[in-house]
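Analysis of the macromolecular model
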Amino acid sequence: MPLNGSTLHEKLSEEFGAPGNEETPITTDYSKIVAFLQILGTEEAVLSPGENISLKKEFIYVKDEEEVSTFGCVLVYQ
């Protein structure tokens, strides 16, 4: 996704009321989170070839009725 970690968690917090980090997992249905991330992932980002590009695996924490689970996504940003 064309975002850094803090921007991703801000957008998740705006959409779902929680940033999806370890301390405050998202409690929304998993399919809604995936659909939201798919939309975010299709946003266009213009990267400058003269600057370093960062790749980072970020975990999103989701809590259902019984437990907290995680899934990862790859962030690409400058």
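Please read all numbers here as calculations on a predicted model, not as lab measurements. (Residues numbered from 1 in each chain as written. Predicted model: local features only at pLDDT ≥ 70, side-chain atom pairs only at ≥ 80, totals over all residues. Heavy atoms only, no water.)

1. A closer look at the overall build of the chain
Scanning the chain from terminus to terminus reveals 2 helices and 2 strands. When burial is assessed residue by residue, the chain has 29% of its 78 residues classed as buried. Carbon together with sulfur atoms contributes 47% to the accessible area of the chain, which is approximately 5300 Å² in total. Computed over 5 positive and 14 negative side-chain charges, the inter-centroid distance for the chain is 1 Å. (Helix = DSSP H or I, 4+ residues; strand = E, 2+ residues; numbered from the N terminus. Buried < 20%, exposed > 50% of the residue type's maximum accessible area, 1.4 Å probe, protein only. Areas by Shrake-Rupley, 256 points an atom, 1.4 Å probe, with all protein chains shown as cover. Lys, Arg positive; Asp, Glu negative; His and termini not counted. Charge placed at Lys NZ, Arg CZ, Asp CG, Glu CD.)

2. A closer look at helix H1 (residues 5–16)
Between its first and last C-alpha atoms H1 spans 16 Å; for 12 residues at 1.5 Å apiece the expected length is 16 Å, and the two agree. All of the buried residues in H1 are Gly5, Leu8, His9, Leu12 and Phe16. Across the axial projection of H1, the buried residues extend over an arc of 90°, all falling on one side. The elements touched by buried residues of H1 are helix H2 (30–41), strand E1 (54–63) and strand E2 (68–77). (Expected span 1.5 Å × (residues − 1). Arc of directions from axis to C-beta. Contact = heavy atoms within 4.5 Å.)

3. Points about the confidence of the model for the chain
Regions with low pLDDT carry predicted coordinates that are not meant to be interpreted in detail. For the chain, mean pLDDT is 90; residues scoring 70 or higher make up 100% of the total. Between the elements of the chain, mean pLDDT differs from a low of 89, seen in E2, to a high of 94, seen in H1. (pLDDT = per-residue confidence, 0-100.)

4. A word on the packing of H1 against H2
In contact at an axis separation of 12 Å, H1 and H2 are set at 130° when each is read in the N-to-C sense. Considering the angle they form, H1 stands oblique to H2. In the crossing of H1 with H2, the sense of the turn from one axis to the other is right-handed. Of H2, the residues touching H1 (which contributes Leu8, Lys11, Leu12, Glu15 and Phe16) are Lys32, Ile33, Phe36, Leu37 and Leu40. (Axes fitted to C-alpha atoms, helices over the stretch in contact; angles between N-to-C directions. Parallel < 35°, antiparallel > 145°, perpendicular 65-115°, else oblique. Left-handed = near helix turned anticlockwise from the far one by under 90°.)

5. Brief notes about the side chain of Glu58
Summarising the element assignment, Glu58 is placed in strand E1. The buried category is assigned to Glu58, whose relative accessible area is 13%. A distance of 2.8 Å separates polar atoms of two side chains, one belonging to Glu58 and the other to His9. Once residues lying within four places of it in the same chain are set aside, the contact partners of Glu58 are Gly5, Leu8, His9, Phe71, Gly72, Cys73 and Leu75. (Polar contact = N/O pair within 3.5 Å; in protein donor to acceptor, adjacent residues only side chain to side chain.)

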